[in-house]
Structure formats: C-alpha cells, structure tokens
Amino acid sequence: MFLDPDSKLAQRLNPVLFLLPALTIYIVFAIYPTYSVVEYSFTDWDGIRPDRDFVGLENYQRLFSDKIFWEAFRNTFVWSGVIIVINVGLGLVIAAMLARVWKARLLIQTCIVLPVVISPMAVATIWRWMYQPTGVINQVLETIGLGAFATPWLGSPNVVLYALAFAHSWSTIGLGVIIFLAGLQAVDEDLYEAARVDGANPLQSFRYVTLPALRPVTAVVFILTLTQSFKVFDIVWATTQGGPIRFSEILSTYMYKRGALENQYGYGSAIGVSLLVIVSIATIIYMQIQNKEDR
Amino acid sequence: MGRWVLLFILGVIAILMVSPLVLTVFTSLKPTTELVNPPWYPPISLTFEHYVRVWTEGGFSRYFFNTLLISVVDAIVMIVIASLAAYAMVFMEFRGKLVLQVLFLIGLMIPVTAIVLPLFQIVRSFGLLNTHLGVIFADLALAVSIFVFMFSSFFMGVPKALHEAARIDGATEFQIYRRVVMPIATPAVVTTALLEFLWSWNDLLLRLLLMTKDEMRTLSVGLLNFQGTMTRDVTGLSSGTVIMAIPVVLLFLFFQRHFVRGMTAGAVK
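In this text the structure is predicted, and so the values were computed from the model without any measurement.

A. Representation of the packing of aromatic side chains in the model. By the definition in use, this model includes 41 aromatic pairs over all chains. Grouping aromatic residues by their ring pairs yields a cluster made of Phe18 of chain A together with Tyr87, Phe91, Phe151, Phe155, Phe174 and Tyr177 of chain B. Cation over ring: Arg52 of chain A sits above Trp45 of chain A, and NZ or CZ is 4.9 Å from the ring centre. Just above the ring of Tyr192 of chain A sits the side chain of Arg100 of chain A; from NZ or CZ to the centre is 4.4 Å.

B. Inspection of the nonpolar core at higher detail. Grouped together as the largest cluster of nonpolar side chains are 200 residues, with contacts concentrated most on Leu19 and Trp79 of chain A together with Tyr87 and Phe155 of chain B. Per-element tally for this core: the top contributor is helix H3 (residues 60-91) of chain B, with 17 residues. Apart from residues no more than four positions distant in its own chain, Tyr87 of chain B is found in contact with Phe18 of chain A together with Met92, Phe155, His163, Glu173, Ile176, Tyr177 and Val181 of chain B.

C. Representation of the environment of Ile79 of chain B in the model. Residues and elements named next belong to chain B. Tracing the backbone shows Ile79 in helix H3. Distance from Ile79 to Val148, taken between C-alpha atoms, is 9.3 Å for residues 69 residues apart in sequence. Those residues in contact with Ile79 that sit more than four places away from it in its chain are Phe151, Met182, Val189, Thr192 and Ala193.

D. Summary view of the environment of Met121 of chain A. The residue Met121 of chain A is located in helix H5 (residues 120-130) in this model. For Met121 of chain A, a relative accessible area of 0% puts it in the buried group. Sequence-wise, Met121 of chain A and Thr239 of chain A are 118 residues apart; in three dimensions their C-alpha atoms are separated by 8.9 Å. Aside from chain neighbours lying at most four places away, what touches Met121 of chain A is Ala238 of chain A together with Leu204, Ser220, Leu223, Leu224 and Gln227 of chain B.

E. Structural detail: the side chain of Arg217 of chain B. Residue and element names in this part refer to chain B. Looking at where Arg217 falls in the secondary structure, it is placed in the loop between helix H10 (205-210) and helix H11 (219-229). Given a relative accessible area of 13%, Arg217 falls into the buried group. Residues contacting Arg217, with those up to four places away along its chain left out, are Arg62, Tyr63, Asn66, Thr212, Gly222 and Asn225.

F. Examining the pattern of salt bridges more closely. This structure, assessed with the given rule, holds 14 salt bridges over all chains. For Glu249 of chain A, the salt bridge is made with Lys257 of chain A, and the minimal N-O distance between the two is 2.8 Å. Note that Asp233 of chain B is salt-bridged to Arg53 of chain B, the shortest N-O span being 2.7 Å. Taken together, the residues span a long stretch of sequence, with Asp233 of chain B in the loop between H11 and helix H12 (234-254) and Arg53 of chain B in helix H2 (residues 49-56) at a distance of 180 residues. You can call Arg53 of chain B partly exposed: its relative accessible area is 25%. Within this structure, Asp44, Asp46 and Arg49 of chain A form a network of salt bridges that share partners.

G. Structural context of the packing of helix H6 (residues 132-155) of chain B against helix H9 (residues 186-202) of chain B. Residues and elements named next belong to chain B. Contact geometry of H6 with H9 gives a least axis separation of 11 Å together with a crossing angle of 160°. By the angle class used here, H6 and H9 are roughly antiparallel. Here the hand of the crossing between H6 and H9 comes out right-handed. From H6, Asp139, Ala143, Ile146, Phe147, Met150, Phe151 and Phe154 reach across to H9, where they touch Pro187, Ala188, Val189, Thr191, Thr192, Leu195, Glu196, Trp199 and Ser200. In terms of residue class, the contact of H6 with H9 is made up of 11 nonpolar, three polar and two charged.

Scoring rules and cut-offs
- Residues numbered from 1 in each chain as written.
- Chains lettered and ligands numbered in written order.
- Predicted model: local features only at pLDDT ≥ 70, side-chain atom pairs only at ≥ 80, totals over all residues.
- Heavy atoms only, no water.
- Phe/Tyr/Trp six-rings, centres within 6.5 Å; stacked < 30°, edge-to-face > 60°.
- Lys NZ or Arg CZ within 6 Å of the ring centre and 35° of its normal.
- Core = buried A, V, L, I, M, F, W, Y, C linked by side-chain atoms within 4.5 Å.
- Buried < 20%, exposed > 50% of the residue type's maximum accessible area, 1.4 Å probe, protein only.
- Helix = DSSP H or I, 4+ residues; strand = E, 2+ residues; numbered from the N terminus.
- Contact = heavy atoms within 4.5 Å.
- Salt bridge = Lys/Arg side-chain N within 4 Å of Asp/Glu carboxyl O.
- Axes fitted to C-alpha atoms, helices over the stretch in contact; angles between N-to-C directions.
- Parallel < 35°, antiparallel > 145°, perpendicular 65-115°, else oblique.
- Left-handed = near helix turned anticlockwise from the far one by under 90°.
- Nonpolar A, V, L, I, M, F, W, Y, C, P; charged D, E, K, R; others polar.

Listed below in structure tokens is the structure:
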C-alpha cells in the first residue's frame, strides 16, 4: 500500500493484499469444510478419536438401506413442496393484487414482508405456542364454529409436517411477494391496456398477460424457495426436533442427530453430502435462469 | 373486481400476517391473571414484569449483548473484506482471476446445514469453541461470496475512467479504494451491513453447535433453551421472542427499501 503504485512489485502484491482477508477466512471456514464433509463421509469417524479409517462407500450403502433416511428424504420433499405451493402460488396472487393497488400499498407490503426478518427461532416459539392443543389456532376454530377441525397440530403424525411448513411459509412468503412485485413492475402497462380494450376481465388479463410475462420470475422464486426450504433446520429443530416419532424428520435434523448428537460423523457427513448435492444442483439451475434473465 | 374489493382482501391478508406477532406482544404484556382471556384480547393493564424477569433472571441481557456483539462485528468486517476482495476482482489484473471467480461462485451453492459437522471440528481445532471469534469467522466465511458478488456488480458500474484518472494522479490502489470507490458504494455498504447483521442475528444452527457454555449463548440458543426448560412459561417465552425480534423489526421498518433491494439481490443464500 505504501509502495510506488506503478512498480511491478506493487502490481503483483496488491491483489494478494486486497484478497487475502476474505480468501483466508473463506477457504478455511467454508471451502475446507465442504471438502471435509465429503472426506468424512468415506470414513467411520466418530468426531472424537484422532484417527479415522477409510471405509469406502459403506456409509452410502447404509444410507440407501436406511429407512429413516428415506423417510427424512421424503419428508424434505413434501415439506418443500408445500412451501413452494404456498410461496409461489399465493405469493404470486398477493403480488398481482398488490400491484393493482395504490392506497395503503406500502403498509400492506410492510405487513406481509415483516415476518421475513423475524428469526426462525422466534418463528418457532410463536407457532409452537399458537399450535398448542389449547392454543390460538384451536381457540379461533372453536370460536368460529369449526371446533371439529381442532387438533394438537404439532402432535398429530399426519398434520405436523404440513403445520410446520405452513408456519415456515408464513415467515418466508414475503420474499416471494417482493420478487414477484419487482417482476410485475417490469410488465408493460400497454399489454394490460390492450387486454382491456379487447374486453378481457381482470382474471383473464392475469391469466393471459401477467402469468406469461412472469414466467422467468416464477422460475426464480420456485428454485429459490426450493433451495431455501431444503436447508431449513432451525424451525423444525426448535419445535418438534423431527417428532412426534419421525413424522417431521427432515434431512438436516436427521444429520444433526446422527452427526452432532450421536457422534456418527462419517454417517452424518454422508447425509450432509446428499443435502449438498441436491442444493447445489438446484442452485446451479437457479443461476442459469437468472443469467438468462440478465441477458 | 373493483379496487376496493382487492384492497379489502389485501387488508385481511395483511392483518392475518401480522397477527401472530401482535398476539405475541399482547401476551408478553399481560399480567398472569389475564392469561385466562383469549389471546386476541389486548392486555387490560400493561405490565413489563415479564420482560424484566426474562432480561435479568432469564439471562437474556447476556444473550442480547453476545448477539449484538457478534452481529455488529460480522457486519463491519464483512463490509471491509468483501469490498476489498471485490475491488481486486474488478479493478486489478492478475493471474488466476477466473479460478477465484469460480471459487467464490461455489460459495453461493454451499448450504451451511450440509457442512456444519466439519465446521465444528475446524473451529474446535483452532480452540475457538465458545468464543465470539469462532462464530464470527464461520458467519463471515459462509456469506462472504454473496457480498463479494454484490460489491463486484456495484463496482462494475463505476466508470473505469474514474479509476484511471486517479491512477494517473499517482494515487495508490488503496487510496483509490478508500477515497474514490467506497464513497460511491454507499448503497452496497448499507445493504451488506443490514443483511449480514440480520443473518447473523437470526441464526440458530451455528450458534447451537459452537456455543455450548451458557455465558456465550446468543438469543437464538438462549430462547431455544428457555423454551426447553420453561415450556409452560408463556409470558416469559413471548417476552423473550419480542426481545429477539424488536431490533431487526425496527431496522426493517427504518430501512425497508434497502432490505427489500438486498433480499431480492442476495436471495441466493
């Protein structure tokens, strides 16, 4: 930094100095662990012993025949599917409505996006309380005469995963809404005008103007929601820890149990690798779509 | 459908969206005697006793300052290291640039969840378990690539001529970075600060693994623990939740525009 800026040495040294802080931290605490998780997954390490033995594909063979892994795998897809349906479907509808409204728009948008900044841990506490057998949800149902639908939401095997996915959607849908809104603002107003002249009602103009114009943005929200919901750990861990029994077990909670709590580092890492592979593929697709859009 | 119908539907949605938060605030302010009322009854006589209790006996003051310290350091250091790296990537010529670009791109794909097991081992091997520093390093590493790209795309909008002119005037790269480029990059700085602060404030998983001693806990781990031991303490839990949510909610309300822009741009994380 104090060298003559034009000297050869300065020109070679400068990039190193500027990049060093970021790169060091990044490589040590992100790239190296990524390499390690793959390496661990081929060993029988317990996370404590100083040495570990190479066991080849043993952990992966075990993974394929592990019923709990497949349950968690299935649950993760169901979980993501529910969240995608809500965040993409409802998110798009809300954004389309919001784009047609001027009065109170900022206020409404604020209410919808606000939960996005709330910590998943706080979200978990709030919804655990609301879902209690005597909690808000059941009390509301009884008050409006739908008491027959009241259920211990987080205690019912067939309901728990959906109930948690709904809570997670509550806290993330705002992100989809603002991305859709940004997309909607780029839609040519003349198209709506033309549709109106042709006698289209608002639903038709939504179907034939809005939806086609938003296809790339929809893809972005879709993949984004997918990758994000695959990575979820906090809200499930803080409410049910995967229970009752394993009815809300997802890949991240299963990995945490095997790896961090039971010290099966090798096996836990194999679960981690499966998560890594799925999320990476989805992210690559996401970036491809975004690139195409930028062009 | 008239505009008023739309407005009505949206109004209902907006109320439903904030109601869980409002009910939590209600509960946290109710004297225990009012808990028999339905949760949607506003508190009749306000009390802050639950906040005081959670803050002092519950240890939340400690958790709060641990969280604040980590989040503020995260945000500040992130601005510095990400902008320096992005500056090199945009304004300097060197060998291996493409490799670095790919390396940073990989960072966008790594889900934190998948690599926490080895991350724990590395932090431990540096002796950084139960230290603020351990969490800070992990936070920075896992988000730095997003912000390098954010700064890079911002720097690419800076006219090359400006950089050239400063070079011809004899300024060093660091002077150009400090005096010319960073002052224009304020929007990117604000977005980085807000997002990194938010992510750091809200995270549970890393803190759960890396902070096991009570005095090192952050709000997320503190709240999780409190929930585990005091399951029936509804007022305490809601006060704790509000304590955790208030700083980020205030930040959001003040900087909504920046948040919205940042979250759409940094949406990859």
